[in-house]
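Working through the structure, step by step
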Amino acid sequence: MGVLATAVRVTEPRKRRFLSSAKSFAALVMEKYVGPSGGIRNGLWPKFDGEWWCSSGIFGSLAFLLYDETGQKRYLKTALGA
């Protein structure tokens, strides 16, 4: 969220670079760590691969902010699922 917060406060071409970084991170999480119920799995704990409330809350917030900035519905869908 810090990278996205920076992106919305700077001008081009830096804005595009920071926004691209936040979107790349979001794509990674959405591809690998969204669980069957829509929550976000941590992915780092070998003994627990379930969706975790903290990961879901933090990433859900980022997804809502990315939707607000980009208007892309995939972020809204993921945020609502989280």
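Okay, so let's go over this structure.

Analysis parameters
- Residues numbered from 1 in each chain as written.
- Predicted model: local features only at pLDDT ≥ 70, side-chain atom pairs only at ≥ 80, totals over all residues.
- Heavy atoms only, no water.
- Core = buried A, V, L, I, M, F, W, Y, C linked by side-chain atoms within 4.5 Å.
- Buried < 20%, exposed > 50% of the residue type's maximum accessible area, 1.4 Å probe, protein only.
- Helix = DSSP H or I, 4+ residues; strand = E, 2+ residues; numbered from the N terminus.
- Axes fitted to C-alpha atoms, helices over the stretch in contact; angles between N-to-C directions.
- Parallel < 35°, antiparallel > 145°, perpendicular 65-115°, else oblique.
- Left-handed = near helix turned anticlockwise from the far one by under 90°.
- Contact = heavy atoms within 4.5 Å.
- Nonpolar A, V, L, I, M, F, W, Y, C, P; charged D, E, K, R; others polar.

As for the nonpolar core
Within the largest apolar cluster, 14 residues are counted, with the highest numbers of intra-cluster contacts made by Leu 4, Ala 26, Phe 59 and Leu 66. Listing elements by their share of this core, those giving two or more residues are α1 (2–7), α2 (14–32), α3 (53–70) and α4 (73–81). Looking at which element gives the most residues to this core, the answer is α2, with 5 residues.

Examining the packing of α2 against α4
As a packed pair, α2 and α4 sit with axes 12 Å apart at the nearest point and diverge in direction by 50°. Classified by the interaxial angle, the pair formed by α2 and α4 is oblique. You can see that α2 and α4 cross each other, and the crossing is left-handed. Here Lys 23, Ala 26 and Met 30 of α2 lie close against α4, whose contacting residues are Arg 74, Tyr 75 and Thr 78. Residue classes in the contact of α2 with α4 are distributed as 3 nonpolar, 1 polar and 2 charged.

Here we look at the environment of Leu 4
Within the fold, Leu 4 resides in helix α1. Residues Leu 4 and Tyr 67, 63 residues apart in the sequence, show an inter-C-alpha distance of 11 Å. Not counting residues within four places of it along the chain, the set of residues in contact with Leu 4 comprises Leu 19, Ala 22, Leu 62, Leu 65 and Leu 66.

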